[in-house]
Amino acid sequence: MQRLRAAWHAHLPFDAAIPLNQRRWATGEGSLTARLMSASSRFRVERLAQAPQLPFADEWQALGLDRPLPAITREVLLICDDVPAVFAHTIVDAFRARRDWPFLRGLGNRPLGGALFVDPRVRRDPFQFARLSPHHPLRQALQRVLPTLASVPMLPARRSVFRRGGGAMLVTEVFLPDLLERAAPANTGAGGTRLPRRIDTHNTLPRQELRQAS
């Protein structure tokens, strides 16, 4: 189990390295997937991994586990116009996954938000925010896919717990340098943002092209 922790806050701490536009992306309400789609001509999701693994030291208590037990872990890149924009890391209590999150197993390259925001039984806890240094285990996981990001000193991140029935799902989103300049759409509110019909979930860039795009 990773021991390194990040400081999570109810508000995103001020940091001159996080300009206003990127801050708007990190703090906006509603479906992040829908917001990214509205700000790009072509959007897709690339699943990087989905398998049981031990939660990080600052995750298992947030999920409500009594101890660090293996949890279903899903990692994806949200890609706008062929440029990675967000790294998303999701963990689910494996004991309750089949009953409370039945769609997760077959989700593939489809966006998680497309399932969460259309289900009236899903509730979302308030966001927590952090600034992640290159040494945080989430940054380490990201940098194995996009190694050029190791030179970025700090990336903003947010996380929240989704609840359905008796199950809990912790979703952490790390906001990448593409969102420094990609204009953030207006805040749509906390309600379930409607997803556009068009979404490309099949064509994926070769790994080398993804690295160059970052």
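Residues numbered from 1 in each chain as written. Predicted model: local features only at pLDDT ≥ 70, side-chain atom pairs only at ≥ 80, totals over all residues. Heavy atoms only, no water.

Trainee: Is there a simple way to explain the overall build of the protein in this structure?
Mentor: Across its full length, the protein holds six helices and seven strands. Order of helices (α) and strands (β) in the protein, N terminus to C terminus: α-α-β-β-β-α-α-β-β-α-β-β-α. Here the protein holds 214 residues, and 49% of them are scored as buried. A sequence separation of at least 24 residues applies to 73% of the contacts in the protein between residues at least 6 apart. (Helix = DSSP H or I, 4+ residues; strand = E, 2+ residues; numbered from the N terminus. Buried < 20%, exposed > 50% of the residue type's maximum accessible area, 1.4 Å probe, protein only. Contact = heavy atoms within 4.5 Å.)

Trainee: Before we go on, may I ask you to explain helix 1 (residues 20–27) in this structure?
Mentor: Residues separated by three or four positions in an α-helix point in the same direction, a consequence of the helix having 3.6 residues per turn. Buried residues of helix 1: Asn21, Gln22, Trp25 and Ala26, and no others. The buried side chains of helix 1 occupy one side of the element, clustering within an arc of 140° when seen end-on. On its buried face, helix 1 is in contact with helix 2 (32–38), strand 5 (128–132), strand 6 (155–164) and strand 7 (167–175). (Arc of directions from axis to C-beta.)

Trainee: Explanation requested: the nonpolar core in the structure shown.
Mentor: Side chains of nonpolar character tend, in soluble globular proteins, to be buried together. Membership of the largest hydrophobic core comes to 19 residues, with the highest contact counts inside it found for Leu32, Leu36, Phe43, Leu78, Val86, Phe175 and Leu179. If you list the elements that add at least two residues to this core, you get helix 1, helix 2, strand 1 (43–53), strand 2 (71–80) and strand 3 (83–93). Judged by nonpolar contacts, the second largest core, of 18 residues, contains Ile79, Leu138, Leu146 and Ala157. (Core = buried A, V, L, I, M, F, W, Y, C linked by side-chain atoms within 4.5 Å.)

Trainee: Help me out: how do you make sense of the pattern of salt bridges in this one?
Mentor: Note on pairing: side chains with opposite charge can pair once their charged atoms come close. One pass over the full model with this rule turns up eight salt bridges. Arg182 serves as the salt-bridge partner of Asp81, at 2.8 Å between the closest nitrogen and oxygen. Residue Asp81 is found in the loop between strand 2 and strand 3, and its partner Arg182 is found in the loop between strand 7 and helix 6 (207–213); the two are separated by 101 residues along the sequence. Given a relative accessible area of 30%, Asp81 falls into the partly exposed group. Overall, the relative accessible area of 14% leaves Arg182 in the buried class. A salt bridge links Asp125 to Arg163, with the nearest nitrogen and oxygen atoms 2.8 Å apart. With Asp125 in the loop between strand 4 (123–124) and strand 5 and Arg163 in strand 6, the pair connects residues that are 38 residues apart, well separated along the chain. (Salt bridge = Lys/Arg side-chain N within 4 Å of Asp/Glu carboxyl O.)

Trainee: What's the story with the side chain of Asp58 in this structure? I'm lost.
Mentor: Tracing the backbone shows Asp58 in the loop between strand 1 and strand 2. It is Arg159 that comes nearest to the buried, bridge-free Asp58 among opposite-charge side chains, at 4.4 Å. A distance of 3.1 Å separates polar atoms of two side chains, one belonging to Asp58 and the other to His136. (Lys, Arg positive; Asp, Glu negative; His and termini not counted. Polar contact = N/O pair within 3.5 Å; in protein donor to acceptor, adjacent residues only side chain to side chain.)

Trainee: Teacher, can you tell me more about unusual backbone geometry here?
Mentor: Glycine aside, negative phi is the norm for most residues, and most peptide bonds take the trans geometry. Backbone geometry places Asp81, a non-glycine residue, at a positive phi of 50°. A positive phi angle is found at Asp82, which is not glycine, with a value near 70°. Inspection of the secondary structure assignment puts Asp82 in the loop between strand 2 and strand 3. What makes Asp82 partly exposed here is its relative accessible area of 30%.

Trainee: Could you clarify how one ought to interpret the side chain of Thr172 in this entry?
Mentor: Structurally, Thr172 can be placed in strand 7. Setting aside its immediate chain neighbours within four residues, Thr172 contacts Trp8, Glu59, Phe87, Ala88, His89, Leu138, Arg158 and Arg159.

Trainee: Explain helix 5 (residues 137–145) here, please?
Mentor: A large share of helix 5 lies buried, amounting to seven of its nine residues. What helix 5 keeps buried is the set Pro137, Leu138, Arg139, Ala141, Leu142, Gln143 and Val145.

Trainee: What is the right way to read the packing of aromatic side chains from this model?
Mentor: The full count for this structure, using the stated rule, is one aromatic pair. With a centroid separation of 5.9 Å and an interplanar angle of 55°, the aromatic rings of Phe127 and Phe129 are classed as tilted. For the pair formed by Phe127 and Phe129, the shared burial category is buried. (Phe/Tyr/Trp six-rings, centres within 6.5 Å; stacked < 30°, edge-to-face > 60°.)

Trainee: Where do I start with the confidence of the model for the protein in this structure?
Mentor: Detailed conclusions should not be drawn from predicted coordinates in areas where pLDDT is low. Overall, the predicted model of the protein reaches an average pLDDT of 82, with 84% of residues at or above 70. Ranking the elements of the protein by mean pLDDT puts helix 6 last, at 40, and helix 5 first, at 95. Within the model, the stretch residues 189–214 combines pLDDT values under 50 with 64 contacts to residues more than four positions away or in other chains. (pLDDT = per-residue confidence, 0-100.)

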